[in-house]
2 protein chains.
Amino acid sequence: MQHYFLHEHLKLNSNIVLPHEVAHHWISVVRAQLNDQAEFVDNKHQVYLGKLVQKDPESIVKIVKYLDVNTEMPVKVSIACGLPKKNKADLITQKAVEMGVFEIIFFKSQWSIAKWRGNRVNKKLKRLNKIAKSAAEQSHRNIIPKVEYIDSLTDLLKLNFDKRMVAYEESAKQGERTTLKMIMNQMKGDNTALTIFGPEGGISPSEIKQMISNGVAPIGLGPRILRTETAPLYLLAAFSTFFELKE
Amino acid sequence: MQHYFLHEHLKLNSNIVLPHEVAHHWISVVRAQLNDQAEFVDNKHQVYLGKLVQKDPESIVKIVKYLDVNTEMPVKVSIACGLPKKNKADLITQKAVEMGVFEIIFFKSQWSIAKWRGNRVNKKLKRLNKIAKSAAEQSHRNIIPKVEYIDSLTDLLKLNFDKRMVAYEESAKQGERTTLKMIMNQMKGDNTALTIFGPEGGISPSEIKQMISNGVAPIGLGPRILRTETAPLYLLAAFSTFFELKE
C-alpha cells in the first residue's frame, strides 16, 4: 500500500484535498482508481487510511480509519557522516532512512575528498531530503528524517545528545567489541544518540582526539573493515536488532 | 594495509612470486615500493604479513609474520536473493561480503522481473564473484564468499543448512519480532544458516507455502519495510551484532 506524508492535521471522516505532488504520484504514476486506499501520515506523525473519493478537478481523499502503527525506533538514532565521495551520500540517505535513522548530518571532515562548496550545499541538501522523503514513504515511516549539513566537527560537537559515539577503525582493529552494546543497554525510550562516521579516508588523529576529549565514545562495529557508506547501515541495524527484535 | 588472497599454502620466511593480478594491483595501482608490507591470505584462510623484496622481472614477497586474525563470523550465514533488478545484485554482493556473509545465492523466483538467461548467468556470476573478491580484500576477510545461481526455489530448498529462514513482509507487518533472535540463540559455532529474500515484487503465496512446508521459518526484520537489497544487509548486521559484539 502507498504511504504519503501530509502537512496537515487529519481527522477521521474528514475529506482532504491532496497536494499536487501526492496526487500526481498516486493517481498518475501508481494509477490509483476511485475507492483505492492509501496510508496518509499527518503533521502529528499519526497514520490514517484514506480512500480516493474524487480525482478531478481536485483529488479528494476521505479519511476512513485511524491506523495505530508506529514504525519509529524507541530511541532516536542520528548519524553524522564525513562528506563521502560521488553518490554515496544518496545511498547512505536512502538506506539509513529505511533502517530507521532519526536524522542524518553530513559534515566537513579533515580527510574528506569531496567538498560541498557555497550553493552546492543547498542543492545537495534539497536532493538528499527528497531521497529521504521517498525512502520514508517506501519504508512506511511515521516521520521524514531530516538531512542536514554542518561545516565543522567543532559545530557538530556542540549539538546535544544523550549518547555520542564514533565508529573508529582503530578501535575495531584493536578488537573493541563491547562499547556499543554497553551504550545501548544504558539507553531508555526517547533517548537520543549520535554516531559519527569518517569519510573514505577515515578520521584524522586530531579529530579523534577532539571527539574523545568531548566525551564521544569510540566504538568498534565488528571485526571486518566496513566502507564509509556501510558502517552507518550496520549501526542502525544493530540498534534495530537490539531495541526492536525480541527474544 | 592492502589485503590479498593467494591460492597457495604460505610458510613463514618463504619467498613467493605474486600472481600477475595481485602484483599489478599492489605495485601499479597502489604503487607499493620495495619493503612495503601487505596482508596475504593463503589457501587455508590463514593471514600472513608479506614484504615486497623484488619488483622486476617478477614481484616477490617474503612472508615475514603470521597474523592470528579471524574476521569470519562464528556461524556461517548464507543468503539467497530472488533475482533483483538493475545493478542491485552488485550492491547486495559488495555490501553482504563486507557484512560477513558466507555465501550468496541468487535464485529465479516467481515475481522476479529480472531474468538471467542462458550465458548471461555465467557472465553475471563472473562479475559478481569479482565484486565479492574485491569486497573481501577491502573488508579483510579470511575467505572470499562464493556467489552462485540456482534456477528454482525447489532446488534451493534441497540445500542443507542447520537453520533456514525467509524474510517475509507479511510476517513483519503482523508484528513478528521474535523468530530471528530465537533462531540465533539456538545456533552454535560453525552452524550454518540460510535466509531467503524475495525480489522487488516480493515472495508469492505459493512460494511461501512451499518454504513453510519445507520447514523454512518466516521472520520479521523490524517494523519498517526494507527494500530487497536492504533486507539482507539488516540480517547480516543483526547476526554480527548478536554473535560478534559483546555486552
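These numbers were taken from a predicted model, which means no experiment stands behind them.

Draft legend 1. A look at the packing of helix H6 (residues 179–186) of chain B against helix H8 (residues 231–244) of chain B. Residue and element names in this part refer to chain B. For the pair H6 and H8, interaxial distance at closest approach is 11 Å and the crossing angle is 50°. By the angle class used here, H6 and H8 are oblique. Helix-helix and strand crossings are classified by hand; for H6 and H8 the assignment is right-handed. Together, Leu 180, Lys 181, Met 184 and Asn 185 of H6 and Leu 235, Ala 238, Phe 239, Phe 242 and Phe 243 of H8 make up the contact between the two elements. Of the residues that constitute the contact of H6 with H8, the class distribution is seven nonpolar, one polar and one charged.

Draft legend 2. Representation of the domain arrangement of chain A. Residue and element names in this part refer to chain A. Taken domain by domain, chain A comprises domain 1 (3–67) and domain 2 (76–244). Computed from C-alpha atoms alone, the centre-to-centre distance between domain 1 and domain 2 is 33 Å. Summed over both partners, the interface of domain 1 with domain 2 buries about 770 Å², with 56% contributed by carbon and sulfur atoms. Looking only at domain 1, the three residues that lose the most surface to domain 2 are His 3, Phe 5 and His 45, adding up to 70% of its buried area. Run the count over domain 1 and domain 2 and you get one salt bridge. Counting every contact that joins domain 1 to domain 2 gives four residue pairs in polar contact (both at pLDDT 80 or more). Looking at the side of domain 1 that touches domain 2, the elements that each hand over two or more residues are strand S1 (3–5) and strand S3 (37–41). If one sorts the elements of the side of domain 1 that touches domain 2 by residue count, S1 sits on top with three residues. In terms of residue class, the side of domain 1 that touches domain 2 is built from four nonpolar, two polar and two charged.

Draft legend 3. Quick look at the packing of aromatic side chains. All names here are of chain B. Taken as a whole and assessed by the stated rule, the structure comprises 16 aromatic pairs over all chains. A centroid spacing of 5.7 Å and a plane angle of 75° characterise the contact between Trp 26 and Phe 40, whose relative ring orientation is edge-to-face. Residue Trp 26 is located in helix H1 (residues 20–29), and its partner Phe 40 is located in strand S3 (residues 37–41); the two are separated by 14 residues in the primary sequence. As far as burial versus exposure is concerned, Trp 26 and Phe 40 are alike and both buried.

Draft legend 4. Spatial organisation of helix H2 (residues 88–98) of chain B. Counting buried residues in H2(B) gives nine out of eleven residues, a clear majority hidden from the surface. As for H2(B), its buried residues are in contact with helix H2 (88–98) of chain A together with strand S6 (76–82), strand S7 (103–107), helix H3 (120–138), strand S8 (146–150) and H8 of chain B. Positive backbone phi, approximately 105°, marks Gly100(B), located one or two places after H2(B).

Draft legend 5. A look at the nonpolar core. By size, the foremost hydrophobic cluster in this structure holds 104 residues, and its most contacted members are Phe106(A), Phe239(A), Phe106(B) and Phe239(B). Beyond its immediate sequence surroundings of up to four residues, Phe239(B) is in contact with Met73(B), Val75(B), Val77(B), Met165(B), Leu180(B), Met184(B), Met187(B), Ala193(B) and Glu244(B).

Draft legend 6. A look at the relation of the copies chain A and chain B. With an axial shift of 0.0 Å and an RMSD of 0.0 Å, the rotation relating chain A to chain B amounts to 180°. Taken together, the rotation and translation relating the two chain copies correspond to the operation of a two-fold axis. Of the interface residues in chain A, 100% have counterparts in chain B that sit at the interface too, so the contact is made through matching surfaces.

Draft legend 7. Spatial organisation of the sheet that holds S6(B). All names here are of chain B. Spatial ordering of the open sheet is given by S8-S7-S6-S10-S9-S11, a layout of six strands whose pairing is parallel. Both outer strands of the open sheet, S8 and strand S11 (217–219), are each paired with one neighbouring strand and no more. Ignoring strand direction, the axes of neighbouring strands in this sheet form an average angle of 25°. Bridge count for S6 against strand S10 (residues 192–197) is six bridges, and the pairing is parallel.

Draft legend 8. Structural detail: the side chain of Glu207(A). All names here are of chain A. Examined against the element boundaries, Glu 207 turns out to sit in helix H7 (residues 205–213). Within the buried core, Glu 207 has no salt-bridge partner, and the shortest N-O distance to an opposite charge, that of Lys 115, equals 10 Å. Dropping the residues within four chain positions of it, Glu 207 is found in contact with Ser 109, Gln 110 and Leu 153.

Draft legend 9. Unusual backbone geometry, seen in detail. Note the cis peptide between Asp56(A) and Pro57(A), where omega equals -5°. Mapped onto the elements of the fold, Pro57(A) is located in the loop between strand S4 (47–54) and strand S5 (60–67). Phi at His45(A) is positive, roughly 70°, even though this residue is not glycine. Within the fold, His45(A) resides in the loop between S3 and S4. Since its relative accessible area comes to 39%, His45(A) is described here as partly exposed. Look at Asn35(B): it is not a glycine, yet its phi comes out positive at around 75°. Tracing the backbone shows Asn35(B) in the loop between H1 and S3. We classify Asn35(B) as exposed; its relative accessible area is 51%.

Draft legend 10. Looking closely at the side chain of Thr71(B). The residue Thr71(B) is located in the loop between strand S5 (60–67) and S6 in this model. Taking relative accessible area as the criterion, Thr71(B) reaches 8% and is therefore assigned buried. From its side chain, Thr71(B) meets the backbone oxygen of His140(B) in a polar contact 2.7 Å long. Beyond its immediate sequence surroundings of up to four residues, Thr71(B) is in contact with Pro223(A), Arg224(A), His140(B), Arg141(B), Asn142(B) and Glu244(B).

Draft legend 11. Geometry of a positive patch on the surface. Residues and elements named next belong to chain A. A cluster of basic residues, Lys 115, Arg 117, Arg 120 and Lys 123, forms a positive patch on the protein surface. Positionally, Arg 120 belongs in helix H3 (residues 120–138). For Arg 120, a relative accessible area of 44% corresponds to the partly exposed category.

Reading guide: rules and limits
Residues numbered from 1 in each chain as written. Chains lettered and ligands numbered in written order. Predicted model: local features only at pLDDT ≥ 70, side-chain atom pairs only at ≥ 80, totals over all residues. Heavy atoms only, no water. Axes fitted to C-alpha atoms, helices over the stretch in contact; angles between N-to-C directions. Helix = DSSP H or I, 4+ residues; strand = E, 2+ residues; numbered from the N terminus. Parallel < 35°, antiparallel > 145°, perpendicular 65-115°, else oblique. Left-handed = near helix turned anticlockwise from the far one by under 90°. Contact = heavy atoms within 4.5 Å. Nonpolar A, V, L, I, M, F, W, Y, C, P; charged D, E, K, R; others polar. Domains from an automatic or database assignment. Buried area = accessible area lost by both parts, 1.4 Å probe. Salt bridge = Lys/Arg side-chain N within 4 Å of Asp/Glu carboxyl O. Polar contact = N/O pair within 3.5 Å; in protein donor to acceptor, adjacent residues only side chain to side chain. Phe/Tyr/Trp six-rings, centres within 6.5 Å; stacked < 30°, edge-to-face > 60°. Buried < 20%, exposed > 50% of the residue type's maximum accessible area, 1.4 Å probe, protein only. Core = buried A, V, L, I, M, F, W, Y, C linked by side-chain atoms within 4.5 Å. Least-squares fit on C-alpha atoms with pLDDT ≥ 70 in both. Pairing = 2+ DSSP bridges. Lys, Arg positive; Asp, Glu negative; His and termini not counted. Patch = residues over 30% accessible without salt bridge, like charges linked within 9 Å, V, L, I, M, F, W, Y side chains within 5 Å. Areas by Shrake-Rupley, 256 points an atom, 1.4 Å probe, with all protein chains shown as cover. Charge placed at Lys NZ, Arg CZ, Asp CG, Glu CD.

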